[in-house]
Amino acid sequence: MGETSKISRYLYTVLILFIIWLFLTGSLDPQEVTIGAIFALIVGALTDEVFTERGLGNLNPKRVLYFTAYIPYFLWAMIMANLDVAYRVLHPKRPINPGIVECRTVLTNNVGKLALANSITLTPGTITLDVKGDRYFIHWIDVKDKSVEGASENITKPFEKFLKVIFE
Amino acid sequence: MNPYYFASIALILIGLYAILAKRNVLKMLVGLSIMETGVNLLLISVGYVSGRSAPILSEGITPDRAVDPIPQALVLTAIVIGVATTAMALSVVINLYEKYKTLNVEEIRRLRG
Amino acid sequence: MSQYASLLIALPLFGAFFIPILKRISKSAVMPFLVLVTLIQTGIAAWVFNEVYITGKPIIIMAGGFRPPIGINLYIGHFAALFVLVIAVTSLLMTIFSFKAVSVEPKDKYAMLFLLLMLGATGMISTGDIFNLFVFMEITAISAYALIAYNKTGEASEAALKYIVLGGIGSSFFLVGVALIYGSLGTLNMAHIAQLAHLVNPTVAKAGLALLIFGLAVEAEQFPLNAWAPDAYQEAPHPVTAMFSAFVVKASLYAMGRVIYILSAVEGWSSILRLLIILGTLTVIIGEMSALRQNNVKRMFAYSSIAQVGLIAVGLALGTESGVSASVFHMFNHAIVKALMFLAVGYVAVELGGTEINKFEGLGKRMPVTAFAITVGAISIIGIPLFNIFWSKMQLILAALNAQYTWMVALILGASLVEATYYIRLIHTIWFKGEGEKVKESSVLALVMLLLVALIIVIGIYPEPFWNVMQKAGSDIFNVAQYIKNVPLMGVSP
Amino acid sequence: MVKRIFAIVFILIIGFWMAKALDQVPFGQDRMLVGKYYLEHVKEETGAVNAVTAVVVNYRGFDTLGEVTVLFIASTGVAALLWRKKRKRTAKTEGSVVLTTGARLLLPFIMLFGVYIFIHGHLTPGGGFPGGATIATAFLFLYLAFTVYEVDHKIFEPLEGLAGVGYVTVGLIGLAIGGYFLFDWIWQTWGIGKENIGRLLSAGFIPIIYTLIGIKVGTELTGIVDNMIKEPEEGGQ
Amino acid sequence: MSIASIIGQALVLFGTFFYVLSSLGLIRMPDVYNRMQTATKSATLGSLGVIIGVGIWAIGEVGSYSWIPKTLIVAVFLLLTNPIAAHALIRAAYKSGVPLWEGSIVDRYKEAESSLERVEEIKEKLEEPSRGVEINE
Amino acid sequence: MIEVYLFLIAVAVILSMYRFFRGPTTADRIVAVDIMTTLTTGLMVLFALYYRRAIFLDVALVYAVLAFVGVIAFARYMEGGL
Amino acid sequence: MSDWVAIFIAALMVVSAIFAVEWRDLLAAVVGMTAVSLFASIAFFFLQAPDVAMVEAAIGAALSAAVFIFAINRTERYESEEEGTGWWVKW
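Residues numbered from 1 in each chain as written. Chains lettered and ligands numbered in written order. Predicted model: local features only at pLDDT ≥ 70, side-chain atom pairs only at ≥ 80, totals over all residues. Heavy atoms only, no water.

Visitor: Quick rundown of the sheet that holds strand β1 (residues 99-104) of chain A? Include the residues and the values.
Guide: Pairing is antiparallel across the open sheet formed by 3 strands, whose spatial order is β1-β3-β2 (chain A). Both edges of this open sheet fall to β1 and β2 (126-132) of chain A, since each of them pairs with a single strand only. Each neighbouring strand pair of the sheet contributes to a mean axis angle of 30 degrees, computed without reference to strand direction. In the packing of helix α5 (residues 148-155) of chain A onto the sheet, the strands contacted are β1, β2 and β3 (135-140) of chain A, and the crossing angle to β1 of chain A comes to about 85 degrees. Contacts between helix α2 (residues 32-61) of chain E and the sheet are confined to β2 and β3 of chain A, with β2 of chain A contributing the most and set at about 110 degrees to the helix. (Pairing = 2+ DSSP bridges. Helix = DSSP H or I, 4+ residues; strand = E, 2+ residues; numbered from the N terminus. Axes fitted to C-alpha atoms, helices over the stretch in contact; angles between N-to-C directions. Contact = heavy atoms within 4.5 Å.)

Now the structure itself:
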């Protein structure tokens, strides 16, 4: 962490934007690529201040590797979550037991917190209500454990082991 | 009666009703907004030709397989004009509220004397 | 060369867009810049006027180089050339007045809105495309909303809100009318519509035309939709009031006339004319009756203005060429007189702090030039011979008699009588009541007022050359066949 | 209640009347007259694939100029009406860390989408207005996420004016080169891009004008948002 | 009917099924928090299915690979934004005072909030004198 | 086959409309609108394929972006963050 | 099929418009307006006007609603009308 050089951040932003542009246009026509590069440079100059804190450091191979591994894991969790939802919605008795619980996280990075919050929201029975420092307040549709440690064990731990490597 | 025509006339009339019968200024502006949507829908449905595609002549669409581009261009203009009117109206309403502390039209009339 | 007339549109736009940049350089340069832009605009307008009246041919501006039914054209014929000049001159005078009359911040925004109001009216008068008319109408209307509420008082906001709501209804109806006409003809160019008007389904055309008139009636202050006008006139900054009365209303009236006459080939067209006559008559009656009761002079003038506008609408709806010409003459005269009167009243309000009638007591001794200007304007509006409005009222009466609307003579005379009542009351208050110390009048404004007074009297004494011009302008609206011939239509036909 | 019944009766009359007229304009029929001409000649005359864009920018350029002006008036008018000596934002609740971080992450993407929309106006749906609106949305998002955020007026207002001046100037260059206001000099006089219709660098001045419109609309809408969101301070009347 | 079409259609069907499920959840759940729970997840997964499914289906149907990148962008964007929107909404609902369902068993957030408020009150009291000094300067 | 998907989406829209009309609090209505925007994005992508024109995908993209910011605006107003 | 779609969209649009006009909570009214805009956008999409659908989405769904919300934020949220809402919204 800490201060990364401005050039590194700028290059990282431009790179990401350029990739997004390629996806948007979906073609490799030299005209599109040229214009895309130009606009990526301009937009990058306008937004690199807010976009990233670490710059090219994000492209560390280990992080990329973990990120690639994280995607299928996450998708799997999501599908499980939806089956869980299907069960609760379609069950005639509506087996819910909701409440708001508190969790702790070891993540300190803001992007990491965002990723964790999004992951929590999309996975079984939980939705992030608020984040304050390292305290996550989570609306849980089926409260299994009211204590902070127990809830953390259930909700945040599974993701943290990936996110810690990716974002810390 | 075609459903789109029906919807656009209905939207125009609902908006008009809100403007004429409601007393709250913001509600009147919501009505105005709805009315504009109705008018835009009417224009677009006037320009539609059954079974034809959007007037963007790529991907093998020839001129005789495209709908009329003019109403679309007109509506593009009309929508932007509508939002400009709305923004103006709302800033006027904000000023009005600062002066009279109410949004009810009749109250305002009464307060003015 | 004639394409350079498009500077009439480009210049105010350029000026308005340039002001934010100018403001960064020097804030005090904004108002002089406004004068400069309106001055150049007046020059261009004078050149256009000269060009049109010497060659006798209208200038057709083709935007983007596409010929009319394909591209939008601006049609600066005899009428448009005349009124563009009126607009530019009035704006120039009102810019000078703005130095004194506008003190509320932010002035740079005021300058932009002022220029765009002028642009909108110019565009409305010169456009040859029915949707483009809508766009320019909205430019006028939205800048008018902002200018009315510009003083940020409660009453001003309320007046603006009224106008916005009515204007919103009006513009929606106008668009529905455009949709109907487009739906049955497939074109938006006015000349092209006129050319194809005999093909259109009469039900659709009548409904469309009625909706178009309804939409324009908001701006043109016709009866059911003119509730905003008195409030707005009273609360707007003084130069803006004068601009409203002088040309914004006139532009909408012209648009109304144009829209009506291009569809004159439609079956059952005269029923629409009758509708407009009824509306106009009601406008006159309501306007005059309300003016009688007012204690605020600016509001009184506003109602008087509404009444005159009603007369103009009646003249337009007579359906004869002389009626239209008389209307145009009345428009022109009324523009001059009302510009003068609102200028004078606004000046009084700036110096003495209000426009209630008791502020006018002893005005003849306190501000003699201004009082003289108001008096001349009032006498002129009543229709006393040797002043300009006499001739236009005369022509209106003649036209009405020609068109076999005898009762309209009674309407016009009755209106004049009512006007005489309240204007003479005002004149009496000014000259024979009250005392007060003398106020130093600004020499520039006095000069402007005297200029307008001189114009009124010149027209009153030598109406002939002006009447010739007006007849050309009137036939420009009335004679649709000529209009179609003048526009170089491309051969797109069903 | 009387007012309400009166309103309903009035509305029903208007509705009946409109419906009667619309009955004569059957839905879904081919009634194109000028539209057909546009569709048939759009490629050779303007180089744009998207006929709507060509109509908006080339054939009916005056409308678009007017439309830009209307938005400019709205932005100016809102600024004039809500002008006070001292104004600031008075938000009570700070956005949560999720929202602020999300705003940081999404901002460049949203802006890039806006750019993509307006630069491809002649090929795909979109153009200056949605593109500009998307860019304005990016700033709106910042305003929503951060309670102290404020755009830099010293840059934004002149930029807005500059884009407008640019648009008029492009039109005036057309007047000087081709003899008509808003003449498409790049396409019709210089003939740039004639060989690659359907690719990015074609369609004459449409991309240029749409870029200008996009910047202008973006800054104007942002200005409206900025003026609406800030409240006057106590005693700042 | 190529394989890509079949896979794509299956994905679309899967997605639309979750769409229905999400709206069912929207109706059946007792309070706004639980509704959001069920609706957001299923809608996000559903649109992921539908959108990527369309991208794959297009390979078979239209024969063009250029759909894939664009659909991917839309899908990723939805995947990124939907949870943020849901989070913002649920926070807004809580802060604007929408009550929890009476069957809810625990509300840690309220406890935390109230303790936080107390801390802030104390802080304000401590800060007040110093603030007065600032104004005097 | 497209009819089946269309029917399913229509059912989903009707169900969320029910919540939209009925919803006891405004928060419910906003949630319903949020879900409907997601459904609409899916619908637009689906019909882009039905019309066999990739250009319609752009509409869905812009729609997703803007509806998201609209929902955020509602949310931020409700929690008093404007 | 397209007939059914048209009827469906038209009905939803009209119903949302009625509700938007009749709700006393102005925030809900704005939500209703957004919904009208949303369905109008879908209607434009089906009427083969992608440009218009895009602009309607941009203006109607986000900016118009946002501007209305700012106005509500600076004025007041609830309409104080003495007459109750119509029977057709009071379930």
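Visitor: Go over the interface of chain C and chain D, please, and point to the residues and values.
Guide: Chain C puts 64 residues into the contact, and the matching count from chain D is 52 residues. Carbon and sulfur atoms make up 78% of the area that chain C and chain D hide from each other, which totals about 5100 Å². For the chain C face of the interface with chain D, the top three residues by lost area are Phe17, Phe66 and Ile70 of chain C, together amounting to 14%. Inspection of the chain C/chain D interface yields 3 salt bridges. Between Arg60 of chain D and Asp129 of chain C there is a salt bridge, with the nearest N and O atoms lying 2.7 Å from each other. Viewed at the interface, chain D and chain C are joined by 8 residue pairs in polar contact (both at pLDDT 80 or more). When residues in the side of chain C that touches chain D are grouped by element, the largest group, 12 residues, is from helix α1 (residues 7-25) of chain C. For the side of chain C that touches chain D, the residue count by class is 44 nonpolar, 14 polar and 6 charged. (Buried area = accessible area lost by both parts, 1.4 Å probe. Salt bridge = Lys/Arg side-chain N within 4 Å of Asp/Glu carboxyl O. Polar contact = N/O pair within 3.5 Å; in protein donor to acceptor, adjacent residues only side chain to side chain. Nonpolar A, V, L, I, M, F, W, Y, C, P; charged D, E, K, R; others polar.)

Visitor: Now, about the side chain of Asp68 of chain B: what can you tell me, with residues and values included?
Guide: Along the chain, the position of Asp68 of chain B falls in the loop between α2 (25-47) and α3 (69-100). Using a relative accessible area of 4% as the deciding quantity, one classes Asp68 of chain B as buried. In this structure the side chain of Asp68 of chain B is engaged in a polar contact, spanning 2.4 Å, whose partner is the side chain of Tyr182 of chain C. Among residues more than four places away in sequence, those in contact with Asp68 of chain B are Gly47 of chain B, Tyr182 of chain C together with Met32 and Gly35 of chain D. (Buried < 20%, exposed > 50% of the residue type's maximum accessible area, 1.4 Å probe, protein only.)

Visitor: Which residues make up the arrangement of the chains, and what values go with them?
Guide: Pairwise contact counts over the 13 pairs of chains in contact peak for chains C and D. With respect to C-alpha atoms, chain A approaches chain B no nearer than 15 Å, and the pair has no contact. In this assembly chain C lies apart from chain G, the nearest approach of their C-alpha atoms being 14 Å.

Visitor: Talk me through the interface of chain G and chain D; I want residue IDs and the actual numbers.
Guide: Contacts between the two partners involve 16 residues from chain G, matched on the other side by 24 residues from chain D. Taking both sides of the interface into account, the surface hidden between chain G and chain D amounts to around 1700 Å²; carbon and sulfur atoms contribute 68%. At the boundary of chain G and chain D, one finds 0 salt bridges. In this assembly, chain G and chain D are joined by 3 residue pairs in polar contact (both at pLDDT 80 or more). Of the residues assigned to the side of chain G that touches chain D, the class counts are 10 nonpolar, 2 polar and 4 charged.

Visitor: Would you mind going over the layout of surface pockets in detail, with residue names and values included?
Guide: By volume, the largest pocket is sized at about 1800 Å³. Considering the residues around the largest pocket, the lining is formed by 47 residues, among which Phe67 and Ile71 of chain A, Phe109 of chain D together with Val76 and Leu80 of chain E are closest to the centre. Mapped by element, the contributors of at least two residues to the lining of the largest pocket are α1 (6-25), α3 (61-90), α4 (110-122) and α6 (157-167) of chain A, α5 (97-119) of chain D together with α1 (3-28), α2 and α3 (67-95) of chain E. Top contributing element to the lining of the largest pocket by residue count: α3 of chain A, with 8 residues. Among the residues making up the lining of the largest pocket, the classes are represented as 38 nonpolar, 6 polar and 3 charged. Reported here for the second largest pocket is a volume of approximately 920 Å³. Lining the second largest pocket are 27 residues, with Ile19, Leu20 and Arg109 of chain B together with Val165 and Leu166 of chain C sitting closest to its centre. Taken together, the elements giving at least two residues each to the lining of the second largest pocket come down to α1 (3-21), α2 and α4 (105-112) of chain B, α6 (154-185) of chain C together with α1 (2-22) of chain D. Ranked by residue count, the leading element in the lining of the second largest pocket is α6 of chain C, at 7 residues. (1 Å grid on protein atoms, 1.4 Å probe; cavity = no way out; pocket = protein on both sides within 12 Å on 5 of 7 lines; lining within 4 Å. Points joined across faces, edges and corners; volume = space filled by probe spheres on them.)

Visitor: Any chance you could break down the packing of helix α2 (residues 30-51) of chain A against α5 of chain D for me, citing the residues and the numbers?
Guide: Axis separation between α2 of chain A and α5 of chain D bottoms out at 9 Å; the angle between their running directions is 150 degrees. Here α2 of chain A lies roughly antiparallel to α5 of chain D, going by the angle between them. Between α2 of chain A and α5 of chain D the crossing geometry is right-handed. In this structure, α2 of chain A contributes Ile35, Phe39, Val43, Leu46, Thr47, Glu49, Val50 and Phe51 of chain A to the contact, and α5 of chain D contributes Arg104, Leu105, Leu107, Pro108, Phe109, Met111, Leu112, Val115 and Ile119 of chain D. Classifying every residue of the contact of α2 of chain A with α5 of chain D by side-chain character gives 14 nonpolar, 1 polar and 2 charged. (Parallel < 35°, antiparallel > 145°, perpendicular 65-115°, else oblique. Left-handed = near helix turned anticlockwise from the far one by under 90°.)

Visitor: Hey, could you go over unusual backbone geometry for me, with residue numbers and the actual values?
Guide: Phi is mostly negative for residues that are not glycine, and the peptide bonds are mostly trans. Not every positive phi belongs to a glycine, and Lys101 of chain B is a case in point at roughly 60 degrees. Its location among the elements puts Lys101 of chain B in the loop between α3 and α4. For Leu182 of chain D, which is not glycine, the phi dihedral falls at a positive 60 degrees. Counting through the fold element by element, Leu182 of chain D comes out in the loop between α7 (153-178) and α8 (185-190).

Visitor: I'd like a rundown of the domain arrangement of chain A, residues and numbers included.
Guide: All names here are of chain A. One can read the domain layout of chain A as domain 1 (6-58) and domain 2 (60-167). Each of domain 1 and domain 2 has a C-alpha centre, and the two are 31 Å apart. Listed as interface residues are 4 residues of domain 1 and, on the opposing side, 6 residues of domain 2. Where domain 1 abuts domain 2, roughly 370 Å² becomes buried across the two surfaces, and 19% of that area is made up of carbon and sulfur atoms. Summed over the shared surface of domain 1 and domain 2, the number is 0 salt bridges. Linking domain 1 to domain 2 there are 0 residue pairs in polar contact (both at pLDDT 80 or more). (Domains from an automatic or database assignment.)

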